[in-house]
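# An overview of the molecular structure
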Amino acid sequence: MYICSCFGVTEAQVKEHAANGACTPRQIASACKAGTDCGSCVRRIQALLGRGACPRRELADEGKPVLADLSATAELNEAA
């Protein structure tokens, strides 16, 4: 089922990006452009993302630096 008609993004694609770490509609938009044209799909994207476990969101909720943690995580992934 299409979530974003403007860019032909499906529900499965949004779920795949979420599984790969996208936790917000903005991060989904960065990954596949969904939500960046007319914006009518943003609420559907939000509903798909829900309030599930997201390490970056949890860090932000705790007031910890999110971007610094992401760069450290990227360094660990590159070393592996």
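Structure report, in brief. From a predicted model like this one, the values you see are computed outputs, not experimental measurements. Position labels on residues start from 1 in each chain and follow its written sequence. Residue-level local features of this predicted model are given only where pLDDT is at least 70; pairs of side-chain atoms are given and counted only at 80 or more, and the full residue set underlies all totals for whole chains, interfaces and linings. Side-chain measures were taken over the full set of non-hydrogen atoms in the model, leaving aside hydrogen atoms and water.

Bringing unusual backbone geometry into the picture now. Not every positive phi belongs to a glycine, and Lys33 is a case in point at roughly 75 degrees. Relative to the helices and strands, Lys33 is located in the loop between helix H2 (25–32) and helix H3 (42–49). Per the convention used, a helix needs a DSSP run of H or I reaching at least four residues, while a strand needs a run of E reaching at least two, with both numbered from the N terminus.

Our focus in this paragraph is the environment of Pro25. Checked against the element boundaries, Pro25 lands in helix H2. For the pair Pro25 and Thr36, spaced eleven residues apart in sequence, the C-alpha to C-alpha distance is 9.6 Å. Contacts between residues were defined by any pair of non-hydrogen atoms, one from each residue, lying within 4.5 Å. Look past the residues within four positions of Pro25 in its chain and what remains in contact with it is Val42, Ile45, Gln46 and Leu49.

Okay, the pattern of salt bridges next. Put simply, a salt bridge is a Lys or Arg side-chain nitrogen that is within 4 Å of an Asp or Glu carboxyl oxygen. One pass over the structure, following the stated rule, counts one salt bridge. For the salt bridge of Lys15 with Glu11, the shortest nitrogen-to-oxygen distance reads 3.0 Å. Residue Lys15 and its partner Glu11 are both found in helix H1 (residues 11–19); the two are separated by four residues, about one turn of the helix. Of the residues examined, Lys15 reaches a relative accessible area of 47% and is grouped as partly exposed. What makes Glu11 partly exposed here is its relative accessible area of 24%. Only protein chains enter the area calculation, which uses a 1.4 Å probe; residues under 20% of their type maximum are buried, those over 50% are exposed, and those in between are partly exposed.

What follows concerns the packing of H1 against H2. To obtain an axis, a line is fitted to C-alpha atoms, over the contacting stretch when the element is a helix, and the angle between two such axes runs from 0 to 180 degrees between their N-to-C directions. Their axes nearest at 10 Å, the elements H1 and H2 cross at an angle of 110 degrees. When the axis of H1 is compared with that of H2, the two are roughly perpendicular. Mapping the contact onto sequence places Val14, His17 and Ala18 in H1 and Ile28, Ala31 and Cys32 in H2. Angles below 35 degrees are treated as roughly parallel, those above 145 as roughly antiparallel, those between 65 and 115 as roughly perpendicular, and all remaining angles as oblique.

Relative to the assigned elements, Arg26 resides in helix H2. Overall, Arg26 belongs to the exposed group, its relative accessible area being 70%. As for Arg26 and Ile45, which are separated by 19 residues in sequence, their C-alpha atoms are 9.8 Å apart.

Before going further, it helps to examine the nonpolar core. Among buried residues, those of type Ala, Val, Leu, Ile, Met, Phe, Trp, Tyr and Cys that are joined through side-chain atoms within 4.5 Å constitute a nonpolar core. In terms of nonpolar packing, the biggest core is built from eleven residues, these being Ile3, Cys4, Val9, Val14, Ala22, Ile28, Cys32, Ala34, Cys41, Ile45 and Leu49. At the level of elements, strand E1 (2–4), H2 and H3 are the ones that each hand at least two residues to this core. Apart from residues lying up to four places away in sequence, Ala34 is in contact with Cys4, Val9, Ile28, Ala29, Cys41 and Ile45.

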